[in-house]
Protein chains: 2
Amino acid sequence: MRRADQQGDPPIFDSAFRDRLANLVAWRRDVRRFKPDPVPPALIEDLIRTAALAPSVGNSQPWRFVSVETTATRDTVIANFNVCNAAALASYEGKRAALYAGLKLSGLREAPVHLAVFCDHATEAGAGLGRKTMPEALDYSVVAAIHTFWLCARAENLGVGWVSILDPREVCRALDVPCNWKLIAYLCVGFPLEEHLDPELERHHWQAHLTENERLHRR
Amino acid sequence: MRRADQQGDPPIFDSAFRDRLANLVAWRRDVRRFKPDPVPPALIEDLIRTAALAPSVGNSQPWRFVSVETTATRDTVIANFNVCNAAALASYEGKRAALYAGLKLSGLREAPVHLAVFCDHATEAGAGLGRKTMPEALDYSVVAAIHTFWLCARAENLGVGWVSILDPREVCRALDVPCNWKLIAYLCVGFPLEEHLDPELERHHWQAHLTENERLHRR
C-alpha cells in the first residue's frame, strides 16, 4: 500500500468507495489456512507504516512489531500454542469438547509470516496524556494499529489470523523483548487458501452471529 | 453504509481501492471540533451494524453501544471530564502544563452524537474460546469494533473523537449499565468543522510522529 500524499485537499469519500469498504469489512476474516506462497517483505513493511497511522492515546504510538523468522523461535511459539490449546480443550466437556477438538484455531505451521505485536509500557511518547484514568487506552492504541494492519492487508488480498491461545510471558521470553513490552497479539499472515463471508467459528457451529449486539442502547 | 451482499464471489481489491483506503487511514483523525449539524440516526445504526462485523475472540461479539442522549446524562459526563482533565493538568509542570492547558481534548459540548462503548464481561457468547491465557482479548475485540466504526464513519465524511479523560466507574454509574459492562471508549461523533492530515497533538507540538515505531524488529 502506498502512503497517502502528504499534501493536497482532504479526500471526499463517495458511495462507490463506501460499498467497497463495506465489502472489505464483511470479507475480512480471521484466516488460519494459508497458501505456502511467500509474502514480499516490502509489503509487510509498507503495511506496518500504514498501521502506524492508527489513533493512539496522547499520540503515544506504543506499537512494536516483531517479525518472528527463525525456525527455533517459531517452534517454541508453536509448542506453547499446543500446550495452551490442550489445556483449553481439557476445560470443555461433551459436545463442546468434541466441537473444540475439531476446530482449526491457528495457521502457525503454514503461515509464511509471523508477527508478534507488543505495547511498549515504558514509552514516554505522549507524556501520559489521556492515560491517567484509563491507562488501558495504551494497549487499545496497539489494537487499533493491528486492526488497521488487518484491514489494509486484506485489501492486498492477504489473510491475517490473530492467535490468543498463547502464554504471553512465554512468548515475551522466546522473543527476548524488553520486559516492559506487553504482548497484545500474535498474528499469522499469508495468502489465504480459501475465501469466506462467514467467520470460521460460525461456519463450524461454535458461535452464531448475534444481531442483538448490533442494537443501539439509549440513555 | 450499506451491508455487503450476503451472496456472491469474494471481492478482489485493486490498487485504486487501496489508494483510497490509504487516504482514509491517513486522513482519519481524532476529531474534537464539530459542526452543529445533526447526524441521521439511521446512519449511526448502520455504522454499528458494520462495526459488529469486527473480529472478536471466539466470535464473542462483546461490544455494547450506548447512545447518550439526555442533557442531564451528557452534563454528568462533561462534569466528570472537567474534573479528570483538571487533575491531569495539575500533574504537569512548566511548559508542558501551559501546552496541556491550551489543547482542546474533547468535543463533548459540540458533538451531536455521544456514544459510550462497553465490553460485556458477562457474555457467554464464544464459550470462553481464546480467552483462557489472554482474557484481555475480549476488551480488544471491542476496540476492533470501535476502530471499524471510526474508519467507516470517516468514509461517511463524519468525524469521531475518542475521550479517555473520564473516570470509567462514574460513566458506568451515570449511564446505569449492567455492572459487568466495562467502559472501553467514550466517542464524540459529528461532522467535522475542519479537516487535517496531521493529528491535533502533532500540530500543537505535544507529540511528533515517531518513524522509529514503524520499524519492523526481527527475531
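Here goes a summary of the coordinates provided. (Residues numbered from 1 in each chain as written. Chains lettered and ligands numbered in written order. Predicted model: local features only at pLDDT ≥ 70, side-chain atom pairs only at ≥ 80, totals over all residues. Heavy atoms only, no water.)

1. Digging into the interface of chain A and chain B
At the junction of the two partners, chain A supplies 111 residues and chain B supplies 111 residues. Summed over both partners, the interface of chain A with chain B comes to about 9,400 Å²; 62% of that surface belongs to carbon and sulfur atoms. Considering only the surface of chain A that becomes buried against chain B, A:F13, A:Y140 and A:R219 emerge as the three largest contributors, covering 9% of it. On the surface where chain A and chain B come into contact, there are eight salt bridges. Residues A:D14 and B:R20 are paired through a salt bridge, measuring 3.1 Å at the closest nitrogen-oxygen approach. With 12 residues, helix α5 (residues 137-155) of chain A is the largest single contributor of residues to the side of chain A that touches chain B. In terms of residue class, the side of chain A that touches chain B is made up of 59 nonpolar, 24 polar and 28 charged. Summarising the sheet, strand β1 (residues 63-67) of chain A and strand β5 (residues 216-218) of chain B pair through three bridges and their orientation is parallel. Looking across to β5(B), one finds that A:V66 is bridged to B:H217. (Contact = heavy atoms within 4.5 Å. Buried area = accessible area lost by both parts, 1.4 Å probe. Salt bridge = Lys/Arg side-chain N within 4 Å of Asp/Glu carboxyl O. Helix = DSSP H or I, 4+ residues; strand = E, 2+ residues; numbered from the N terminus. Nonpolar A, V, L, I, M, F, W, Y, C, P; charged D, E, K, R; others polar. Pairing = 2+ DSSP bridges.)

2. As for the environment of B:A127
Checked against the element boundaries, B:A127 lands in the loop between β2 (113-120) and α5 (137-155). With a relative accessible area of 23%, B:A127 lands in the partly exposed category. Taking the C-alpha atoms as reference points, B:A127 and B:V163, separated by 36 residues in sequence, lie 31 Å from one another. Aside from chain neighbours lying at most four places away, what touches B:A127 is A:Y92, A:R96 and A:W206. (Buried < 20%, exposed > 50% of the residue type's maximum accessible area, 1.4 Å probe, protein only.)

3. Considering the relation of the copies chain A and chain B
Of the transformation placing chain A onto chain B, the axial shift is 0.0 Å and the rotation is 180°, giving an RMSD of 0.0 Å. Read as a symmetry element, the transformation amounts to a two-fold axis. Interface overlap between copies is the fraction of interface residues in one copy that are interface residues in the other; for chain A against chain B it reaches 100%, indicating a shared surface. (Least-squares fit on C-alpha atoms with pLDDT ≥ 70 in both.)

4. Observations regarding the packing of aromatic side chains
This model, assessed by the stated rule, comprises 17 aromatic pairs over all chains. Ring geometry for A:Y92 against A:W206: centres 5.3 Å apart, planes inclined by 90°, an arrangement best described as edge-to-face. Pair noted here: A:Y92 is in the loop between α3 (71-90) and α4 (94-102) and A:W206 is in the loop between α7 (200-203) and β5 (216-218), with a separation of 114 residues, a long-range link. Neither A:Y92 nor A:W206 differs from the other in exposure class; each is buried. Ring pairing ties together the aromatic residues A:F13, A:F17, B:F13 and B:F17, which thus form one cluster. Here A:R28 stacks its cationic end above the ring of A:W150, 4.8 Å away from the centre of that ring. (Phe/Tyr/Trp six-rings, centres within 6.5 Å; stacked < 30°, edge-to-face > 60°. Lys NZ or Arg CZ within 6 Å of the ring centre and 35° of its normal.)

5. What about the pattern of salt bridges?
All names here are of chain A. Following the criterion strictly, the structure yields 32 salt bridges over all chains and no others. Put simply, E170 and R173 hold a salt bridge, and the shortest N to O gap is 3.4 Å. In this pair, E170 and R173 are both assigned in helix α6 (residues 168-175), three residues apart and thus about one turn of the helix distant.

6. Some points on the sheet that holds β1(A)
With mixed pairing, five strands are arranged side by side in an open sheet as β3(A)-β4(A)-β2(A)-β1(A)-β5(B). Strand pairing shows two members of the sheet lacking a second neighbour, β3 (159-163) of chain A together with β5 of chain B, which therefore form its edges. For this sheet the average axis-to-axis angle between neighbouring strands, irrespective of direction, equals 30°. Relative to strand β2 (residues 113-120) of chain A, β1(A) is paired through five bridges, and the arrangement is antiparallel. Residue A:R64 lies in a different strand from β2(A), and its bridge partner there is A:F118. With respect to the sheet, α6(A) is in contact with β1, β2 and β4 (181-190) of chain A, its orientation differing from that of β4(A) by roughly 80°. (Axes fitted to C-alpha atoms, helices over the stretch in contact; angles between N-to-C directions.)

7. Some words on the packing of helix α3 (residues 71-90) of chain B against helix α6 (residues 168-175) of chain B
All names here are of chain B. It is the contact of α3 with α6, at a shortest axis distance of 10 Å, that shows an interaxial angle of 170°. Regarding the angle of α3 to α6, the classification is roughly antiparallel. Every residue of α6 that contacts α3 at T73, T76, V77 and N80 is listed here: E170, A174 and L175. The residue makeup of the contact of α3 with α6, split by class, is three nonpolar, three polar and one charged. (Parallel < 35°, antiparallel > 145°, perpendicular 65-115°, else oblique.)

8. A look at the sheet that holds strand β1 (residues 63-67) of chain B
One open sheet accounts for five strands, arranged β5(A)-β1(B)-β2(B)-β4(B)-β3(B); its pairing is mixed. Each end of this open sheet is capped by a strand with a single partner; those strands are β5 of chain A together with β3 (159-163) of chain B. Pairs of neighbouring strands in the sheet enclose a mean axial angle of 30°, with direction left out of account. Each of β5 of chain A together with β1, β2 and β4 (181-190) of chain B touches helix α2 (residues 41-51) of chain B; the most contacted strand, β5(A), lies at about 130° to it.

Scope: geometric values only; no functional claims are made or implied.
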